[in-house]
Amino acid sequence: MIYTVTFNPSLDYIVWVPKLTDGATNRSEAQALYPGGKGINVSIMLSNLGYASKALGFSAGFTGREIERLLEENGCDAEFIPLHQGNSRINIKIKSAQETEINAPGPHIPSEALNELFQRLDACGPEDILVLAGSIPKSLPSDIYEQIMLRLRGHKTRIVVDATGDLLKNALKYHPFLVKPNAAELEELYGIRCDTMDKIKQGAMRVRQDGALNVLVSLGKDGALLIDQHGRLHTSPAPSGTLVNSVGSGDSMVAGFLAGYLKEQDYAVAFRMGIAAGSATAFQEWLATKAQVLKEYQALKEYQPLKEYQPLKEYQPLQTPSQTSPEFPG
Ligand SMILES: Nc1ncnc2c1ncn2[C@@H]1O[C@H](COP(=O)(O)OP(=O)(O)O)[C@@H](O)[C@H]1O
Ligand SMILES: O=P(O)(O)OC[C@H]1O[C@](O)(COP(=O)(O)O)[C@@H](O)[C@@H]1O
């Protein structure tokens, strides 16, 4: 089973404001409300791609109830631990000339609720995959993902960590199966500049040296870079298309990577499925369907790697997408 954990589920309130003016009354031309939070999005996208998962997390107040209702409506198997104070957060996403996000801190999680989660996770075994994704409420320590990984040491569960700063840094020594920082998160992790492909590669190598097995760096419309478990470098531009809403693209990428890996046990396929899922979501109002993801997966075969995306000498040379893209069976 694949388990996802979202410490901080959200209702994502997306507003389209053609011309956003600071300090003025702006009026939106459209709005939408979706369940959100990184683990939740991974679970929904996995389900879209035909993989069952259980979404674990915490839910509080009327917003928490609405998140659970929306998950049920979307066929997502969720088991949330109720919090008896506060409300699950509402994150605001403003779509204008640029995308602006305001993510709230989330309600306090008391130690009894936390222990309940820990006990559920104790059942994870070698066949399971656990995705720890997203931010945590301020009241939790920044080693909470590390605590879970330490507790599960010996269970041989493959653990994916999609987080930022200390939350990610502290988890690396427990050898997560996959981490997926974007370039800004890589910069934050080591206090380095990641403004060239070479620096991004160096940063990704450092994450691998610090313990992660697979390091997937997402680069928005510029595509992604993967250093896989065998030390091979994969790079690819993203398929081109019209950006509609990139919220959830990173989470879709994690789900696509896992789906591709589970299907073929091949990191080239996993990488390509990750990009396809991320981009397919960026081109929709919300998370993409399987048909939309497979369309981008096929389209990626038409692309050649960008010139600047060449592998480092010590890694196996990158093949062109057409050589490295076995069919992803639909
Ligand atoms: N504007 C875009 N055009 C095409 N693909 C995109 C776009 N934005 C995101 N993607 C796809 O989604 C993936 C994850 O997006 P990214 O923005 O890097 O993640 P995150 O939301 O975690 O920062 C990218 O690697 C790319 O494949
Ligand atoms: O937990 P965080 O870091 O505040 O992020 C939560 C937000 O990220 C999302 O999960 C989307 O993440 P990505 O765009 O990186 O895929 C939203 O649904 C949610 O509002």
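Since this is a predicted model, take the numbers as computed values, not measurements.

Caption draft 1: Structural context of unusual backbone geometry. Positive phi values are uncommon outside glycine, yet H175 reaches one of about 55 degrees. Mapped onto the fold, H175 is located in the loop between helix 5 (165-169) and strand 10 (178-179). Although it is not a glycine, Q265 adopts a positive phi angle of roughly 50 degrees. By the element assignment, Q265 lies in the loop between helix 8 (249-264) and helix 9 (267-282). Looking at Q265, the relative accessible area reads 52%, which means it is exposed.

Caption draft 2: Quick peek at the pattern of salt bridges. Using the criterion set out here, one finds 15 salt bridges in the structure. Residues K54 and E79 are paired through a salt bridge, measuring 3.1 Å at the closest nitrogen-oxygen approach. Placement of K54 in strand 4 (residues 53-60) and of E79 in strand 5 (residues 78-83) is noted, with a sequence separation of 25 residues between them. Here K54 falls in the buried class, since its relative accessible area comes to 17%.

Caption draft 3: Structural detail: helix 4 (residues 144-151). Residues I144, Y145, E146, I148 and M149 constitute the buried set of helix 4. Packed against the buried residues of helix 4 are helix 3 (111-121), strand 8 (129-133), strand 9 (158-162) and helix 5.

Caption draft 4: Layout of the side chain of S252. Among the secondary structure elements, S252 is positioned in helix 8. Taking the relative accessible area as the measure of exposure, S252 reaches 0% and is therefore buried. Here the side chain of S252 touches G248 through a polar contact of 2.7 Å, landing on its backbone oxygen. A polar contact is formed between the side chain of S252 and the side chain of T281, at a distance of 2.8 Å. Once residues lying within four places of it in the same chain are set aside, the contact partners of S252 are M45, A277, G278, T281 and L287.

Caption draft 5: Representation of the confidence of the model for the protein. Per-residue confidence for the protein averages 91 on the pLDDT scale, and 91% of its residues sit at or above 70. Across residues 306-330 the pLDDT falls below 50, and counting only partners more than four positions away or on other chains, this stretch makes 67 contacts in the model.

Caption draft 6: Quick peek at the site of ligand 2. Around ligand 2 lies a shell of 18 residues, among which D12, K38, K93, S135 and D251 are the nearest. The separation between an oxygen atom of ligand 2 and a polar main-chain atom of S135 is 2.8 Å. Measuring from an oxygen atom of ligand 2, one finds a backbone N or O atom of S249 at 3.5 Å. Protein chains shield 86% of the accessible area of ligand 2, which is 480 Å² for the free molecule. The residue inventory of the shell around ligand 2, partitioned by class, reads one nonpolar, 12 polar and five charged.

Caption draft 7: Geometry of the domain arrangement of the protein. Partitioning the protein into domains gives domain 1 (1-19 + 31-156) and domain 2 (177-324). The C-alpha centroid of domain 2 is placed 23 Å from the C-alpha centroid of domain 1. At the interface, 24 residues of domain 1 touch 25 residues of domain 2. Both faces combined, the contact of domain 1 with domain 2 buries some 2,000 Å², and carbon together with sulfur accounts for 69% of it. The largest share of the area that domain 1 buries against domain 2 comes from M45, L49 and Y51, three residues that together contribute 30% of it. Across the contact surface, domain 1 and domain 2 share zero salt bridges. At the junction of domain 1 and domain 2, the tally comes to six residue pairs in polar contact (both at pLDDT 80 or more).

How each quantity is defined
- Residues numbered from 1 in each chain as written.
- Chains lettered and ligands numbered in written order.
- Predicted model: local features only at pLDDT ≥ 70, side-chain atom pairs only at ≥ 80, totals over all residues.
- Heavy atoms only, no water.
- Helix = DSSP H or I, 4+ residues; strand = E, 2+ residues; numbered from the N terminus.
- Buried < 20%, exposed > 50% of the residue type's maximum accessible area, 1.4 Å probe, protein only.
- Salt bridge = Lys/Arg side-chain N within 4 Å of Asp/Glu carboxyl O.
- Contact = heavy atoms within 4.5 Å.
- Polar contact = N/O pair within 3.5 Å; in protein donor to acceptor, adjacent residues only side chain to side chain.
- pLDDT = per-residue confidence, 0-100.
- Near = heavy atom within 4 Å.
- Areas by Shrake-Rupley, 256 points an atom, 1.4 Å probe, with all protein chains shown as cover.
- Nonpolar A, V, L, I, M, F, W, Y, C, P; charged D, E, K, R; others polar.
- Domains from an automatic or database assignment.
- Buried area = accessible area lost by both parts, 1.4 Å probe.

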